[in-house]
Amino acid sequence: MNMAIELTERMKGWIELMGCHLCVATPEGVPRVTVARFARVTRPDQVSFAMEKGEIGVIESSVAKNPWVAFGVSKQGGIRAAFQFKGKGRVIRSGPEFEALKGQAEGIATDAVLIVDLNELYCTKPGAEAGQRLDVMSPDDVDTWEKARWTDIPGK
(Lines give C-alpha, C1' and ligand atoms only; values in the text may rest on other atoms or scores of the structure.)
Protein backbone atom coordinates (compact mmCIF):
# COMPACT_ATOMS: atom_id res chain seq x y z
CA MET A 1 0.00 0.00 0.00
CA ASN A 2 1.56 3.27 -1.04
CA MET A 3 1.23 6.45 1.00
CA ALA A 4 1.00 10.03 -0.19
CA ILE A 5 4.13 11.07 -2.05
CA GLU A 6 5.73 14.36 -1.06
CA LEU A 7 8.95 15.15 -2.86
CA THR A 8 11.73 16.18 -0.52
CA GLU A 9 13.51 19.52 -0.82
CA ARG A 10 16.53 17.65 -2.21
CA MET A 11 14.48 15.77 -4.83
CA LYS A 12 12.85 19.04 -5.93
CA GLY A 13 16.25 20.69 -6.26
CA TRP A 14 17.69 17.96 -8.47
CA ILE A 15 14.58 17.69 -10.67
CA GLU A 16 14.44 21.43 -11.27
CA LEU A 17 18.20 21.88 -11.74
CA MET A 18 18.89 19.02 -14.14
CA GLY A 19 15.65 18.24 -15.96
CA CYS A 20 14.63 14.62 -16.47
CA HIS A 21 14.60 11.67 -18.83
CA LEU A 22 11.01 10.51 -19.35
CA CYS A 23 9.95 7.01 -20.35
CA VAL A 24 6.54 5.83 -21.48
CA ALA A 25 5.34 2.70 -23.23
CA THR A 26 3.05 2.10 -26.17
CA PRO A 27 0.03 -0.14 -25.52
CA GLU A 28 2.16 -2.96 -26.99
CA GLY A 29 4.88 -2.32 -24.39
CA VAL A 30 7.42 -0.61 -26.67
CA PRO A 31 9.39 1.98 -24.66
CA ARG A 32 9.65 5.60 -25.79
CA VAL A 33 12.20 7.87 -24.09
CA THR A 34 12.69 11.62 -24.33
CA VAL A 35 14.36 14.44 -22.42
CA ALA A 36 12.58 17.28 -20.67
CA ARG A 37 15.11 20.02 -20.00
CA PHE A 38 12.72 22.18 -17.97
CA ALA A 39 10.92 20.72 -14.96
CA ARG A 40 9.09 22.28 -12.03
CA VAL A 41 7.59 20.68 -8.96
CA THR A 42 4.10 22.16 -9.13
CA ARG A 43 2.66 20.35 -6.08
CA PRO A 44 4.30 18.12 -3.46
CA ASP A 45 3.23 15.09 -5.53
CA GLN A 46 3.32 16.59 -9.04
CA VAL A 47 6.01 17.51 -11.56
CA SER A 48 5.33 19.51 -14.72
CA PHE A 49 7.60 19.61 -17.77
CA ALA A 50 7.73 22.39 -20.40
CA MET A 51 8.53 20.54 -23.62
CA GLU A 52 9.48 21.54 -27.12
CA LYS A 53 7.76 19.98 -30.14
CA GLY A 54 10.52 17.42 -30.76
CA GLU A 55 10.59 16.37 -27.09
CA ILE A 56 6.84 15.85 -26.62
CA GLY A 57 6.48 14.38 -30.12
CA VAL A 58 8.40 11.26 -29.05
CA ILE A 59 5.93 10.34 -26.29
CA GLU A 60 2.61 12.14 -26.79
CA SER A 61 0.74 9.44 -28.71
CA SER A 62 1.80 6.84 -26.15
CA VAL A 63 0.75 9.00 -23.16
CA ALA A 64 -2.67 9.46 -24.80
CA LYS A 65 -3.19 5.66 -24.77
CA ASN A 66 -1.17 4.71 -21.68
CA PRO A 67 -0.76 7.59 -19.21
CA TRP A 68 1.92 5.95 -17.03
CA VAL A 69 5.19 7.93 -17.07
CA ALA A 70 8.46 6.98 -15.36
CA PHE A 71 11.27 9.50 -15.03
CA GLY A 72 14.64 10.06 -13.46
CA VAL A 73 16.84 13.10 -13.04
CA SER A 74 19.18 13.82 -15.98
CA LYS A 75 22.94 14.40 -16.05
CA GLN A 76 24.78 13.76 -12.77
CA GLY A 77 21.39 13.78 -11.06
CA GLY A 78 21.10 10.15 -12.14
CA ILE A 79 23.87 9.40 -9.67
CA ARG A 80 23.30 12.05 -6.99
CA ALA A 81 19.51 11.81 -7.05
CA ALA A 82 19.11 8.06 -7.47
CA PHE A 83 15.34 7.83 -7.76
CA GLN A 84 12.74 6.69 -10.23
CA PHE A 85 9.48 8.59 -10.11
CA LYS A 86 6.28 7.11 -11.59
CA GLY A 87 2.82 8.49 -12.12
CA LYS A 88 0.05 9.30 -14.53
CA GLY A 89 0.68 12.03 -17.07
CA ARG A 90 -1.43 14.31 -19.19
CA VAL A 91 -0.45 16.72 -21.95
CA ILE A 92 -1.84 20.25 -22.09
CA ARG A 93 -1.35 23.03 -24.64
CA SER A 94 -3.47 25.83 -23.20
CA GLY A 95 -4.90 27.19 -19.99
CA PRO A 96 -3.42 28.71 -16.82
CA GLU A 97 -1.13 25.75 -15.97
CA PHE A 98 0.31 25.76 -19.50
CA GLU A 99 0.82 29.54 -19.57
CA ALA A 100 2.43 29.61 -16.11
CA LEU A 101 5.01 26.95 -16.96
CA LYS A 102 5.63 28.33 -20.44
CA GLY A 103 6.36 31.72 -18.85
CA GLN A 104 8.96 30.20 -16.50
CA ALA A 105 10.69 28.04 -19.13
CA GLU A 106 13.25 30.51 -20.48
CA GLY A 107 15.10 29.16 -23.51
CA ILE A 108 12.46 26.48 -24.18
CA ALA A 109 10.13 26.87 -27.17
CA THR A 110 7.27 25.35 -25.18
CA ASP A 111 4.86 23.42 -27.41
CA ALA A 112 3.24 21.41 -24.62
CA VAL A 113 3.33 20.81 -20.88
CA LEU A 114 3.37 17.29 -19.49
CA ILE A 115 1.94 17.12 -15.98
CA VAL A 116 2.75 13.97 -13.99
CA ASP A 117 0.82 13.16 -10.80
CA LEU A 118 3.12 10.89 -8.81
CA ASN A 119 2.00 7.50 -7.50
CA GLU A 120 5.24 5.55 -7.01
CA LEU A 121 8.79 6.31 -5.89
CA TYR A 122 11.78 3.95 -6.04
CA CYS A 123 15.43 4.09 -5.03
CA THR A 124 17.86 3.41 -7.89
CA LYS A 125 21.04 3.73 -5.81
CA PRO A 126 23.35 0.81 -6.66
CA GLY A 127 23.62 -1.93 -4.08
CA ALA A 128 21.23 -3.51 -1.63
CA GLU A 129 18.76 -0.59 -1.77
CA ALA A 130 18.32 -0.67 -5.55
CA GLY A 131 14.65 -1.05 -6.38
CA GLN A 132 13.49 -0.27 -2.84
CA ARG A 133 10.00 1.16 -2.97
CA LEU A 134 9.87 4.43 -1.02
CA ASP A 135 6.23 5.38 -1.49
CA VAL A 136 5.30 2.79 1.15
CA MET A 137 6.99 5.07 3.72
CA SER A 138 5.50 8.23 5.20
CA PRO A 139 6.82 11.51 3.73
CA ASP A 140 8.73 12.18 6.98
CA ASP A 141 10.31 8.72 6.86
CA VAL A 142 11.37 9.26 3.21
CA ASP A 143 12.98 12.57 4.20
CA THR A 144 14.85 10.92 7.10
CA TRP A 145 15.89 7.98 4.88
CA GLU A 146 17.25 10.36 2.23
CA LYS A 147 19.12 12.60 4.71
CA ALA A 148 20.90 9.53 6.10
CA ARG A 149 22.37 8.92 2.63
CA TRP A 150 22.86 12.35 1.03
CA THR A 151 23.19 15.88 2.36
CA ASP A 152 23.60 18.00 -0.78
CA ILE A 153 20.69 20.16 -1.89
CA PRO A 154 21.15 21.78 -5.32
CA GLY A 155 20.78 25.52 -5.35
CA LYS A 156 21.41 25.85 -1.60
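Scope of this entry: the structure provided in the associated data block. (Residues numbered from 1 in each chain as written. Predicted model: local features only at pLDDT ≥ 70, side-chain atom pairs only at ≥ 80, totals over all residues. Heavy atoms only, no water.)

## Thoughts on the pattern of salt bridges
Here the idea is simple: oppositely charged side chains can pair when their charged atoms come close. Within the structure shown, the criterion is met by 14 salt bridges. With a closest N to O distance of 2.6 Å, Arg93 and Glu60 form a salt bridge. In this pair, Arg93 is assigned in the loop between β6 (83–92) and α5 (96–104) and Glu60 in helix α3 (residues 60–65), connecting sequence segments 33 residues apart. Look at Arg93 and you get partly exposed, because its relative accessible area is 38%. (Salt bridge = Lys/Arg side-chain N within 4 Å of Asp/Glu carboxyl O. Helix = DSSP H or I, 4+ residues; strand = E, 2+ residues; numbered from the N terminus. Buried < 20%, exposed > 50% of the residue type's maximum accessible area, 1.4 Å probe, protein only.)

## Quick word on the state of the cysteines
One pass over the full model with this rule turns up zero disulfides. No disulfide involves Cys23; its nearest neighbouring cysteine sulfur is the one of Cys20, lying 13 Å away. (Disulfide = S-S within 2.5 Å.)

## Considerations on the packing of aromatic side chains
Applying the stated rule across the entire model yields six aromatic pairs. Measuring from centroid to centroid gives 5.1 Å for Phe49 and Phe71, while their planes differ by 80 degrees, and the two rings are edge-to-face. Taken together, the residues Phe49 in strand β4 (residues 46–51) and Phe71 in strand β5 (residues 68–73) connect sequence positions 22 residues apart. Assessed through its relative accessible area of 0%, Phe49 is described here as buried. A relative accessible area of 3% places Phe71 in the buried class. What links up through ring pairs into an aromatic cluster is the set Phe49, Phe71, Phe83, Phe85, Trp145 and Trp150. (Phe/Tyr/Trp six-rings, centres within 6.5 Å; stacked < 30°, edge-to-face > 60°.)

## Re the nonpolar core
Grouped together as the largest cluster of nonpolar side chains are 36 residues, with contacts concentrated most on Leu22, Phe49, Phe71 and Phe85. For this core, the secondary-structure elements that each account for two or more residues are α1 (9–18), β1 (20–25), β3 (38–43), β4, β5, β6, β7 (112–123) and α6 (139–147). Here this core takes six residues from β7, the largest share from any one element. Grouped together as the second largest cluster of nonpolar side chains are nine residues, Ile92, Phe98, Ala105 and Val113 included. (Core = buried A, V, L, I, M, F, W, Y, C linked by side-chain atoms within 4.5 Å.)

## Observations concerning empty space enclosed by the protein
This structure, assessed with the given rule, holds one cavity of 30 Å³ or more. Put simply, the largest cavity is a space of about 50 Å³. Around the largest cavity, the lining residues are Ala4, Ile5, Glu6, Leu121, Leu134, Asp135, Met137, Ser138, Pro139 and Val142. (1 Å grid on protein atoms, 1.4 Å probe; cavity = no way out; pocket = protein on both sides within 12 Å on 5 of 7 lines; lining within 4 Å. Points joined across faces, edges and corners; volume = space filled by probe spheres on them.)

## So, the environment of Gly89
Relative to the elements of secondary structure, Gly89 occurs in strand β6. Measuring from C-alpha to C-alpha, the distance between Gly89 and Arg149 comes to 29 Å, with 60 residues separating the pair along the chain.

## Quick look at the side chain of Ser74
Along the chain, Ser74 falls in the loop between β5 and α4 (77–80). Polar contacts involving the side chain of Ser74 include one to the side chain of His21, which spans 2.8 Å. (Polar contact = N/O pair within 3.5 Å; in protein donor to acceptor, adjacent residues only side chain to side chain.)

## Let's talk about the environment of Trp68
Tracing the backbone shows Trp68 in strand β5. C-alpha of Trp68 to C-alpha of Phe98: the two residues are 30 residues apart in sequence and 20 Å apart in space. When residues no more than four places from it in sequence are discounted, the contact partners of Trp68 are Cys23, Val24, Gly87, Lys88, Asn119 and Glu120. (Contact = heavy atoms within 4.5 Å.)

That is the geometry; function is a separate question.
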